[in-house]
Amino acid sequence: MKKRIKLFVSMLSAIAVLTLVPSGNVLPVKAAEPVTYSVKYIGGSFNDWRFQQGATFDDSAYHSSLYLLNQDLKDGDAVVVYAGEVTPNKELDLGTVKLGNLTIYQNAFAAVLTGGVKDCYVLAGSTSAINGNVTNAYLYDSTVCTFNNDVLDMALYYSGTTPTSNISCAGTVGHFTADPTYDGRRYFEFYNISKGAFLIKDGTSQIPYDKYSPEPTEDYLQAKGSASAPASSAENNTSQAASEYDKVPKTGDSSVYLWLFCVSASCFAGSRMLRKKSR
């Protein structure tokens, strides 16, 4: 009987040792799921930007300060900016986080500071300034919007017979289109627009003829390919990849070490119990 118990304890000890070997303790590294936050400028005693978790802002529910949002906001998260009670007197500073989605809701007014945006939606009646490079920008009906950095792809969709929006970009624009929603006709299409040259005023293009290309250029196609490529193939710099890996929460790591500790403790307790019985 003692020999069987000793054999059992030895097996547990071997399992505990083997799990410490990297090849025997491989866990998938999972990034935290994207979270959506809604933001609104609240007047009165607050007179500041306030936020709630979720895609809609509930005026009857509790809302928190922007400082707390900046503590939790991470790359890939989404932010929806709603029209506030009063016109904001300060910028909406979202730090250096690269958002997966930024939506400027209907009739909202905001100057937004970001570390970049993958998909930016600017809805009808809004007035906004977006800081940070944007991969895809989608604007709807009549809106006023300024992009202060580069935009790879920008599309304007309008429901009238002609566009009426006022849009500018201080950076470069890789591709811009304007399409009416009632048919398939394309009103505008420009490629490779030079830095600071993009301007649509009251729906009319003010872009100089020598500041854009009517056809896609090699630079645009390369940038488009890089933007759509998976991170693993687009990032060839080993040190950069290692840095990005360090930012990813290693979910489950602590539980593994706790499990190993428990197994080791049980093996230690079992061996001590055997010693006492042998005596």
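Residues numbered from 1 in each chain as written. Predicted model: local features only at pLDDT ≥ 70, side-chain atom pairs only at ≥ 80, totals over all residues. Heavy atoms only, no water.

Novice: Please give an account of the overall build of the protein chain that cites residues and values.
Specialist: A tally of helices and strands in the protein chain yields six helices and 17 strands. Taken across its 279 residues, the protein chain has 35% of its residues classed as buried. Summarising the internal contacts of the protein chain: among those between residues at least 6 apart in sequence, 33% fall at separations of at least 24. For the protein chain, the exposed surface amounts to about 16,100 Å²; the carbon and sulfur share of it is 55%. (Helix = DSSP H or I, 4+ residues; strand = E, 2+ residues; numbered from the N terminus. Buried < 20%, exposed > 50% of the residue type's maximum accessible area, 1.4 Å probe, protein only. Contact = heavy atoms within 4.5 Å. Areas by Shrake-Rupley, 256 points an atom, 1.4 Å probe, with all protein chains shown as cover.)

Novice: How would you summarise the sheet that holds strand S11 (residues 144-147) if you had to cite specific residues and measurements?
Specialist: Strand order in the open sheet formed by seven strands is S5-S7-S9-S11-S13-S16-S17, with mixed pairing between adjacent strands. A strand with exactly one partner marks an edge of an open sheet, and here the two such strands are strand S5 (92-93) and strand S17 (204-205). Judged from the two bridges that link them, strand S16 (residues 198-201) and S17 form a sheet pairing that is antiparallel. Residue pairing in the sheet places Ile200 in a bridge with Ser205 of S17. (Pairing = 2+ DSSP bridges.)

Novice: Please give an account of the sheet that holds strand S10 (residues 134-140) that cites residues and values.
Specialist: A sheet is described by the order of its strands in space; here 10 strands give the open sequence S3-S2-S1-S4-S6-S8-S10-S12-S14-S15, paired in mixed fashion. Single-partner strands in this sheet number two, and they are strand S3 (64-65) and strand S15 (188-193). The pairing of S10 with strand S12 (residues 151-158) spans six bridges and is parallel. What sits directly across from Asn136, in S12, is Asp153. Contacts from helix H3 (residues 218-228) reach S10, S12, strand S14 (173-180) and S15, with the element oriented near 90 degrees to S12. (Axes fitted to C-alpha atoms, helices over the stretch in contact; angles between N-to-C directions.)

Novice: Residues and numbers for the pairing of S12, please.
Specialist: Burial of S12 is extensive: seven of the eight residues sit out of reach of the surface. Bridge count for S12 against S14 is seven bridges, and the pairing is parallel. Residue pairing for S14: Tyr158 is matched across the bridge by Pro180.

Novice: Describe the environment of Ala83, listing the residues and the values that go with them.
Specialist: Assignment of secondary structure puts Ala83 in the loop between strand S4 (78-82) and S5. Taking relative accessible area as the criterion, Ala83 reaches 29% and is therefore assigned partly exposed. Taking C-alpha positions, Ala83 is 9.5 Å from Ile42, a pair spaced 41 residues apart along the chain.

Novice: Account for the pattern of salt bridges, naming residues and giving values.
Specialist: One pass over the full model with this rule turns up six salt bridges. Asp48 is the partner of Lys90 in a salt bridge, and the nearest nitrogen-oxygen pair spans 3.6 Å. Residue Lys90 is located in the loop between S4 and S5, and its partner Asp48 is located in strand S2 (residues 48-53); the two are separated by 42 residues in the primary sequence. Judged by relative accessible area, which is 39%, Lys90 ranks as partly exposed. A single network of salt bridges, built from pairs that share partners, joins Asp179, Arg186 and Glu189. (Salt bridge = Lys/Arg side-chain N within 4 Å of Asp/Glu carboxyl O.)

Novice: Provide a residue-level description of the environment of Asp72, including the pertinent values.
Specialist: On the secondary structure map, Asp72 appears in helix H2 (residues 66-72). Once you skip the residues sitting within four places of it in the chain, Asp72 turns out to touch Tyr37 and Asp77.

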